[in-house]
Amino acid sequence: MTHAPSRVCREDPRRTPSPSAGRAGTPGHRGSAGRRTLLRLLLVAFFGLAIAALTPGVASAEGEQVTGTLRTSGSGPVEGVDITVATADGTEIDTVTTDDEGKWAVPLPGPGPYVVSIDGDALPDGVSLDGEPTRNVTVQPGFSQAVSFGLEDGSRNSGGPIRAVQLLVDGLRFGLLIAMCSVGLSLIFGTTGLTNFAHGELVTIGAVVAWFVNVEGGLSIVPAAIIAVIVGAAVGALNELAIWRPLRKRGTGLVAALVVSIGLSLALRYLIQIVFEGRSRSYQGVTSGRANDFGAFRLTDADLTSIIVSVVVLVGIALMLQRTKIGKAMRAVSDNRDLAASSGINVNRVILIVWVMGAALAALGGVLLGISDDVQWDMGFRLLLLMFAGVTLGGLGTAYGALVGGLTVGVFVQMSTLVVPTDLKYVVGLLLLIVVLVVRPQGILGSRVRIG
Amino acid sequence: MTEFLDALASGGKAALGFQAIFICLLAVGLNMHFGYTGLLNFGQVAFAMLGGFGIGVAVTKWDLPFGVGILVGLGAAVVLALLLGLPTLRLRADYLAIATIAAAEGLRLLFKSGTATPVTNGTQSLSGFSGGFTDLCPWDPTRTFRILGARWDGRDLWVATVGWTIVALCCLLTWLLVRSPWGRVVRSIREDEDAVRALGKNVYAHKMQVLVLGGVIGALGGMINALGTGSLNPDNYQNAYTFLAYAVLILGGAARVLGPVVGAVILLFIVSFTDAALRPLIENGVIPEGLLTVPDVARLRFVLVGILLMALLVFRPQGIFGDRREVMLDAR
């Protein structure tokens, strides 16, 4: 697949017949369009603030406590283990026993420093404590502080081929998620030339909306996920209609658009932190329970569902791109926008659909990621860099490149824990990105013209 | 009313304090990269982190004198610039953007990780490295001064004095460089890389020199931040600070020598003033708890910065003092 030279010309205003026209625009037109855009930006801002006003912090209503969940991937929740909470000077406050879901919670008399300790001897056979049996925590006023103890269930240090297979399967699950989230990122780049740094926030919005519907609204996770995907799609449409289409009309340069997307990402990310608070929280009713044994590897029901959902969705996307009219139009616009426009494709409509689809996929990916790794306010931003790694590896702007690249990055990141410590696995993914830029900047499926 | 005056004073202190200097130096470096040369460096904070940790690690872990620590920090920044520049400077602008933001986030995670903890102290902060700096203070570092209604202790004042001197020197350097023949080449690279190449100039080498120079200025900013806070934690170098520096640069005016300085003073004043003005309003119940809580105020500043960045780029990309013709808006 090659990109016709005309596409490069469009991206590079230096070679257009009148370089100044694209930059300055006509003054009168710019004024009215500017006011409209401002109005829309304000609307978006007020919409966000309204959400912030409607959802008071959950924890602040309850008073201080420390909570946690004891579980391992292999043996599921750990029941019947004593957890003791004491003040910093050693006065014991309470001792509780984990319930059948491995959960425990101790209400506290007030904010301040506390020492949480676990009875390591009471752990079931095959499960051992990884790290110190005590944790020092400082509880903020009104906060419910989560405390986690690392547990080893033998699945990690069994080593050898078994562990590699397990990591491969985990990597496939993670890679499918990255691929699903980054299809939109790649198609948006292909159709509009925009490197959208705010794409990670679409992932977070999906996960956070599902969390509010699930935990605050009390719906089970499946309808919550569906609502999150619909909200995600709406946010995608709003993105395109309120910000990017007007900016394209004014002839905003690609670098300016890129910095605008950075600003949007920053504003959304911290708005989400205000609404959602800074800690990680999990969905209700998604007890992943004991892992199913498949011989060489083990998977919880939730992970299995995640893999099946992602495969079905991604195959659906591939079929759509290959067979349907709109799919072909997407690939055509991505390949050469001017040629597509002159052959009668409504380019703006195609771009809108790409945004809606990409944002919906990102939201779904966010929900699935939230199920496996808990929901956090900056989960999308952290995933964004791996998404960039995947998209760059596969080839920026190509839809299938996002699939191939995302999968590769996911597997690579998980498998790397065979060699490097677990907390460095994201670093390895980012290193991979830089290596790709050195060796093959156009990616696996990309073409050389794009990197100019 | 006293609260309003206090908020004004605290805004004034922030606009002149070490945080303004930190952001300002990041932005002066970015002005070199983005303003004059058109390089999209989204990982400026990584240079700052290396600068800060250069001093911290050299002084506390390797028992080197303070001056050598500065050299270690600057050296680390140069190495990072070379490593990042080699693969990406030949590619289009957004590849450098992605690579630098990835490097910044990767380095922060690396410095936080268990593997690096013996050297960087990870999440437990490194401190006790600034003694050599405080010893140089010509006045009593524990004395309290009152300036513009705000209280400064002698140490803060010393950091600010040294910091603004460095800012002045960096601005002078920028001014001298951009009006030299070298500066004209660099600015032409921003306007039309191919034309510069056709004139027989080595575009790649010039871009690399700019990347190193701007990175070193960023590292100086990171050192001031480390000395100002007195402790080093990788989380003090979140990549949101890079974008704060972009907001400062674009607000003041990119490709203007004093743009970052003006931008930093104004933006830091606005941010700390709203911070300090909102807190008593929330504590006295003027703003209900359900709408905004005290911890939210610190987050609100980044929301404001994000919206400001978008609004500036859309409506006034040249900022306060910039020249529209000089602002790099198009990809290359």
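As annotated in an unreviewed UniProt entry, chain B carries the name Branched-chain amino acid transport system permease protein and is attributed to Trujillonella endophytica. In the Subcellular location (unreviewed entry) part of its UniProt record, chain B is described as follows: "Cell membrane".

In the nomenclature of an unreviewed UniProt entry, chain A is known as Branched-chain amino acid transport system permease protein of Trujillonella endophytica. Reading the Sequence similarities (unreviewed entry) entry of the UniProt record for chain A gives the comment "Belongs to the binding-protein-dependent transport system permease family. LivHM subfamily." Under the heading Subcellular location (unreviewed entry), UniProt records this for chain A: "Cell membrane".

Novice: Which residues make up the pairing of strand β9 (residues 134-139) of chain A, and what are the values?
Specialist: A regular strand places its side chains on the two faces of the sheet in alternate fashion. All names here are of chain A. Little of β9 sits out of view: just zero of its six residues are buried. In terms of strand pairing, strand β7 (residues 112-118) meets β9 through six bridges, oriented antiparallel. The residue of β9 that forms the bridge with P113 is T138.

Novice: Provide a residue-level description of the sheet that holds strand β10 (residues 144-146) of chain A, including the pertinent values.
Specialist: All names here are of chain A. Read from one edge of the open sheet, three strands run β6-β1-β10, paired in mixed fashion. Each of the sheet's edge strands pairs with one partner strand only, and the pair in question is β6 (103-107) and β10. On average, each strand axis in the sheet is tilted by 20° relative to the strand beside it, whichever way the strands run. Here strand β1 (residues 65-69) pairs with β6 via five bridges, running antiparallel. Directly across from T69, in β6, lies its bridge partner K103.

Novice: Before we move on, could you go through the nonpolar core and cite the residues and values that matter?
Specialist: By size, the foremost hydrophobic cluster in this structure holds 216 residues, and its most contacted members are B:I23 and B:L309. The element contributing the most residues to this core is helix α7 (residues 254-276) of chain A, with 18 residues. If sequence neighbours within four positions are ignored, B:I23 has contacts with B:Y241, B:L244, B:A245, B:V248, B:A264 and B:L268. In this structure, A:V81, A:W104, A:L108 and A:L151 belong to the second largest nonpolar core, which totals 15 residues.

Novice: Lay out the UniProt feature "transmembrane region" (unreviewed entry) in chain B with the relevant residues and their values.
Specialist: Residue and element names in this part refer to chain B. Here the UniProt-annotated "transmembrane region" (unreviewed entry) positions come out as residues 14-32, 39-60, 66-86, 157-178, 210-228, 240-258 and 297-315. Within the segment residues 66-86, helix and strand shares are 100% and 0% respectively, and the terminal C-alpha atoms sit 31 Å apart. Strand forms 0% of residues 297-315 and helix 100%; the C-alpha atoms that close the span are 26 Å apart.

Thresholds applied
- For every chain, the first residue of the written sequence is number 1, and numbering continues from 1 onward in sequence order.
- A letter from A marks each chain and a number from 1 marks each ligand, given out in the order of writing.
- A pLDDT threshold of at least 70 governs which residues receive local features in this predicted model, and a stricter bar of 80 or more applies before side-chain atom pairs are shown or counted, although totals over entire chains, interfaces and linings include all residues.
- UniProt positions are given in the numbering used here, feature names are shortened, and annotations may be inferred rather than shown by experiment.
- Exposed residues have 12 or fewer other C-beta atoms within 10 Å of their own C-beta, buried residues have 20 or more, and residues in between are partly exposed; the C-beta atoms are placed from the backbone.
- For helices the rule is a DSSP run of H or I covering at least 4 residues; for strands it is a run of E covering at least 2, with both sets numbered from the N terminus onward.
- Here the rule is simple: two strands pair whenever DSSP picks up at least two bridges between them.
- Between N-to-C directions, angles span 0 to 180 degrees; the directions come from axes that are lines fitted to C-alpha atoms, helices contributing only their stretch in contact.
- The term nonpolar core refers to a set of buried Ala, Val, Leu, Ile, Met, Phe, Trp, Tyr and Cys residues connected through C-beta atoms within 7 Å.
- Two residues qualify as being in contact provided that their C-beta atoms, derived from the backbone, are within 7 Å of each other.

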